[in-house]
Amino acid sequence: MFTRRTLVASLCAAAALPARAQAPGKLRVVASFSILGDFVREVSGARADVAVLVGPGADAHVYSATPADAKALAAAQVVVVNGLKFEGWMDRLVSASKTRARIVVAAKGVKPLQAQDDGHGHGDSDPHAWQSIANARIYVANIRDGLVAADPPGRGDYEANAAAYLAKLDALEAETKAAVAAIPPARRKIITSHDAFGYFAAAYGLTFIAPQGVSTSAAASAQDVARIIRQIRRDKIPAVFVENLSDPRLAQRIAAETGARLGGDLYSDQLSPPDGPAGTYIDMVRHNIRELTKALAD
Ligand SMILES: [Zn+2]
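Residues numbered from 1 in each chain as written. Predicted model: local features only at pLDDT ≥ 70, side-chain atom pairs only at ≥ 80, totals over all residues. Heavy atoms only, no water.

### Let's talk about the overall build of the chain
Right, on to step 1. When its secondary structure is counted, the chain shows nine helices and eight strands.
Right, on to step 2. For the chain, the proportion of its 298 residues judged to be buried stands at 51%.
Right, on to step 3. Put simply, of all contacts in the chain between residues at least 6 apart along the chain, 70% involve residues at least 24 apart.
Right, on to step 4. Taken as a whole, the chain presents about 13000 Å² of accessible surface, with 53% of it coming from carbon and sulfur. (Helix = DSSP H or I, 4+ residues; strand = E, 2+ residues; numbered from the N terminus. Buried < 20%, exposed > 50% of the residue type's maximum accessible area, 1.4 Å probe, protein only. Contact = heavy atoms within 4.5 Å. Areas by Shrake-Rupley, 256 points an atom, 1.4 Å probe, with all protein chains shown as cover.)

### A few points about the nonpolar core
Right, on to step 1. Among the nonpolar cores identified, the biggest contains 75 residues, and Phe39, Val80, Tyr139, Leu169, Phe208, Tyr281 and Met284 are the most heavily contacted of them.
Right, on to step 2. Of the residues that make up this core, three or more belong to each of domain 1 (12–175) and domain 2 (184–296).
Right, on to step 3. Contacts of leucine 169, omitting those with residues within four sequence positions, involve Ile133, Ala136, Arg137, Val140, Tyr281 and Ile282.
Right, on to step 4. Judged by nonpolar contacts, the second largest core, of 15 residues, contains Ile191, Val225, Ile237 and Ala255. (Core = buried A, V, L, I, M, F, W, Y, C linked by side-chain atoms within 4.5 Å. Domains from an automatic or database assignment.)

### Section: the sheet that holds strand S4 (residues 102–105)
Right, on to step 1. If you walk across this open sheet you meet the four strands as S2-S1-S3-S4, and the pairing is parallel. Two strands close off the open sheet at either side, each with one partner strand: strand S2 (48–52) and S4. Between one strand axis and the next, the sheet turns through 20° on average, direction left out of account.
Right, on to step 2. Of the pairings in the sheet, the one linking strand S3 (residues 78–81) to S4 comprises four bridges and is parallel in character. Across the sheet, residue valine 80 finds its bridge partner in S4, namely valine 104. (Pairing = 2+ DSSP bridges. Axes fitted to C-alpha atoms, helices over the stretch in contact; angles between N-to-C directions.)

### Describing the pattern of salt bridges
Right, on to step 1. On inspection of all chains with the given rule, the structure shows 12 salt bridges.
Right, on to step 2. Residue aspartate 170 is joined to arginine 137 by a salt bridge in which the shortest nitrogen-to-oxygen separation is 2.7 Å. Highlighted residues: aspartate 170 in helix H5 (residues 155–181) and arginine 137 in helix H4 (residues 133–150), separated in sequence by 33 residues.
Right, on to step 3. Using a relative accessible area of 42% as the deciding quantity, one classes aspartate 170 as partly exposed. (Salt bridge = Lys/Arg side-chain N within 4 Å of Asp/Glu carboxyl O.)

### A look at the packing of helix H1 (residues 34–44) against H4
To characterise two packed helices, one gives the angle between the axes of the helices and the distance between these axes.
Right, on to step 1. Viewed as axis vectors pointing N to C, H1 and H4 meet at an angle of 55°, and their least axial separation amounts to 10 Å. Classified by the angle between their axes, H1 and H4 sit oblique to one another. When you trace H1 past H4, the crossing you get is right-handed. In this structure, H1 contributes Leu36, Phe39, Val40, Val43 and Ser44 to the contact, and H4 contributes Ala136, Tyr139, Val140, Ile143, Arg144 and Leu147.
Right, on to step 2. Of the residues assigned to the contact of H1 with H4, the class counts are nine nonpolar, one polar and one charged. (Parallel < 35°, antiparallel > 145°, perpendicular 65-115°, else oblique. Left-handed = near helix turned anticlockwise from the far one by under 90°. Nonpolar A, V, L, I, M, F, W, Y, C, P; charged D, E, K, R; others polar.)

### Remarks on empty space enclosed by the protein
Right, on to step 1. Under the defined criterion, the tally for this structure stands at two cavities of 30 Å³ or more.
Right, on to step 2. Counted as a void, the second largest cavity has a volume near 30 Å³.
Right, on to step 3. Looking at the second largest cavity, the residues that line it are Val180, Ile183, Phe200, Leu206, Ile289, Leu292 and Thr293.
Right, on to step 4. Broken down by element, the lining of the second largest cavity gets its largest block of residues, three residues, from helix H9 (residues 281–296).
Right, on to step 5. The class makeup of the residues in the lining of the second largest cavity is six nonpolar, one polar and no charged. (1 Å grid on protein atoms, 1.4 Å probe; cavity = no way out; pocket = protein on both sides within 12 Å on 5 of 7 lines; lining within 4 Å. Points joined across faces, edges and corners; volume = space filled by probe spheres on them.)

### Quick word on the packing of helix H2 (residues 67–75) against helix H3 (residues 90–97)
Right, on to step 1. Where H2 meets H3, the axes come as close as 8 Å, and the angle between the chain directions of the two elements is 65°. Judged by the inter-axis angle, H2 sits roughly perpendicular to H3. Seen along the crossing, H2 lies across H3 with a hand that is right-handed. Two secondary-structure elements touch here, H2 through Asp69, Ala70, Leu73 and Ala74 and H3 through Met90, Leu93, Val94 and Ser97.
Right, on to step 2. Its residues placed into classes, the contact of H2 with H3 shows six nonpolar, one polar and one charged.

Set out below in structure tokens:
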């Protein structure tokens, strides 16, 4: 069902999976944020105890690590991070914790895209590489290899789990390509202020256009909205996924004056709680495709 959301929640603000108490005898793995935690759980199955650092409502870009995080790292045998300067806070936490864990950089081997200057505060490379399913496969292979290296007796389990999950990712990618192919080519563009979908756009042929003059860190003003309205008309953009609108009436005004649809929530950097619409990576991608398809359909 398409709902004209008056306010689209921040993509970075959705909840992470909660950390659990440690079970004895299991490989202790810490993942920096929820999407990595999901990959690790898929690959490790029952062999590992997986904790996620960036918790519900927190933004992995600007996370403030806690003493409990340092403790979790100190006790970990494997720490999984995204890399591409996504977790700018991680290096300091690793050295403060004096952890001897194996550090697995999930995005190692990904071909990085140039980041747009979106006020996110990270480096030159766009860190949101997991938004391409082909890259997610690289993440999973790196995690598998890291777990095998840390726990050689588990090799058979890790390899079998990873192979099964990689097959699911193959199916997910086919599904994604089919969904985009069903959108008329002229309609494959949206305006969104959250610049987290560069890899998705490059992989699947959608165009994500930044609203002119709108920063992700500040609320959009009435003037910003007037500019967005001109931009939508000029570029014939069918849908807008707007965040950071201080006043929900601004989004309604965009829709009323342009006929563009207002999209729902897209998840970029965090999963929803397990019972939400994007509790796993696969559910997150499916949810985003559904929202995009709804907003862009004829
Ligand atoms: Zn982000």
